[in-house]
Amino acid sequence: MYPLEPRAGEIGRLAAQGAWLTEEAEALLSSIGVGPGWRCLDLACGLGDVTRLMAARAGAPGLVVGLDLERRFLDHARAEAAGAVEYLEADACRTGLPDGGFDLVHGRFLFAGAAQFDPLLTEAIRLARPGGTIALQEQDLSSMACFPPHPAFARLKGMLGAGLEQSGTGRGVARRLFGLLRQAGLRELRYRPFLVSCQAGDPQAAWLPDIVDSLRGPLLRAGLTDGPALDEAIAACRSHLNDPGTTAILYTVVQVWGRKPAGAAVEAG
Ligand SMILES: C[S@@+](CC[C@H](N)C(=O)[O-])C[C@H]1O[C@@H](n2cnc3c(N)ncnc32)[C@H](O)[C@@H]1O
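Residues numbered from 1 in each chain as written. Predicted model: local features only at pLDDT ≥ 70, side-chain atom pairs only at ≥ 80, totals over all residues. Heavy atoms only, no water.

### Re the site of the ligand
In step 1: Inspection of the region around the ligand gives 14 residues, with A44, D68, D91, A92 and R108 positioned closest.
In step 2: Between the ligand and A44 there is a distance of 2.6 Å, counted from a nitrogen atom to a backbone nitrogen or oxygen.
In step 3: Within the contact set of the ligand, a nitrogen atom lies 2.8 Å away from a backbone nitrogen or oxygen of A92.
In step 4: Protein chains bury 91% of the 590 Å² of accessible surface belonging to the ligand in isolation.
In step 5: Across the shell around the ligand, the residue classes tally to 9 nonpolar, 1 polar and 4 charged. (Near = heavy atom within 4 Å. Polar contact = N/O pair within 3.5 Å; in protein donor to acceptor, adjacent residues only side chain to side chain. Areas by Shrake-Rupley, 256 points an atom, 1.4 Å probe, with all protein chains shown as cover. Nonpolar A, V, L, I, M, F, W, Y, C, P; charged D, E, K, R; others polar.)

This is the structure:
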């Protein structure tokens, strides 16, 4: 289940995030060599940002499928669709898709929300053809910091960590990703982390206050803060991030990809 509660701006937050991660997603697809005729699957595609990049590369002879549990995200993805993309409402652990049908199976920001990694990884590997690529991207929040430091930023960083913990999500998976894929027997593994930063006026500058706002319900229910204190911290953090003298590192994204051995059975974890 998606850990963040539906709120008015959540689709907008995800859309903005997808837009500012485009260049790095393109770099990943270029490194993998995605091109005309490729068959690609985007697990937990959300609004379809990476799915659309795959479709632009694979073109008419290719096959691109975006899959997600949440109909509200798929509706948005379908409305934005360009080119030949099929969107499926399904669980990434049990897709019902046939074995070995894809040259590339990709998932961004899926594992951090999962209760267990093995069913996801086993399914991703099953769906790739022998010699095909499995590519995963996850966020590592440990790099988050702002300059100059500000107590409201630190408070929201702490609340985000605690809120994600309350949602039972797989924190720390970004740092474990390489080891998970290696243990699963994937070959020719590649590791490519990058930092997401912001300064005043950047579209991602409000990422931290916005995502904490999306965790409002779990934070209040867990007694980690109260409404007025949360509103005050969010407002103070927004104001600091709007200061032209402020810069911030929001998170690291770890990209890991590798090949399913040709002709060998591969099991996760
Ligand atoms: C943070 S969003 C990331 C969306 C997209 N991959 C991106 O990077 O923009 C996480 C997505 O994972 C989806 N999701 C979570 N668990 C899932 C599962 N078991 N099967 C399919 N989708 C899942 C959620 O519905 C949500 O769209």
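### With respect to the UniProt feature "domain: Methyltransferase" (unreviewed entry) in the protein
In step 1: Per the UniProt record, "domain: Methyltransferase" (unreviewed entry) is annotated on residues 41-132.
In step 2: End C-alpha to end C-alpha, residues 41-132 measures 11 Å, and it is 33% helix and 28% strand. (UniProt positions renumbered as here; feature names shortened; annotations may be inferred. Helix = DSSP H or I, 4+ residues; strand = E, 2+ residues; numbered from the N terminus.)

### Details of unusual backbone geometry
In step 1: The linkage connecting F147 with the following residue, P148, adopts the cis geometry, with an omega of -5°.
In step 2: Tracing the backbone shows P148 in the loop between β6 (145-147) and α6 (151-166).
In step 3: Despite not being glycine, E188 shows a phi value in the positive range, around 50°.
In step 4: Within the element layout of this structure, E188 appears in strand β7 (residues 187-199).
In step 5: E188 sits in the exposed class, given a relative accessible area of 58%. (Buried < 20%, exposed > 50% of the residue type's maximum accessible area, 1.4 Å probe, protein only.)

### A word on the side chain of Q137
In step 1: With respect to the helices and strands, Q137 occurs in strand β5 (residues 128-140).
In step 2: Here Q255 takes part through its side chain, which lies 3.0 Å from a polar atom of the side chain of Q137.

### Details of helix α5 (residues 118-127)
Think of an α-helix as 3.6 residues a turn; residues three or four steps apart then line up on the same face.
In step 1: Looking only at α5, the buried set comprises L120, L121, E123, A124, I125 and L127.
In step 2: In this fold, the buried residues of α5 make contact with β1 (39-43), β4 (102-108), β5 and α7 (173-183). (Contact = heavy atoms within 4.5 Å.)

### Regarding the side chain of H106
In step 1: Position of H106 relative to the elements: it lies in strand β4.
In step 2: Within the structure, H106 has its side chain in polar contact with the side chain of Q137 (distance 2.9 Å).
In step 3: Aside from chain neighbours lying at most four places away, what touches H106 is L28, L41, D42, L43, V50, M54, A135 and Q137.

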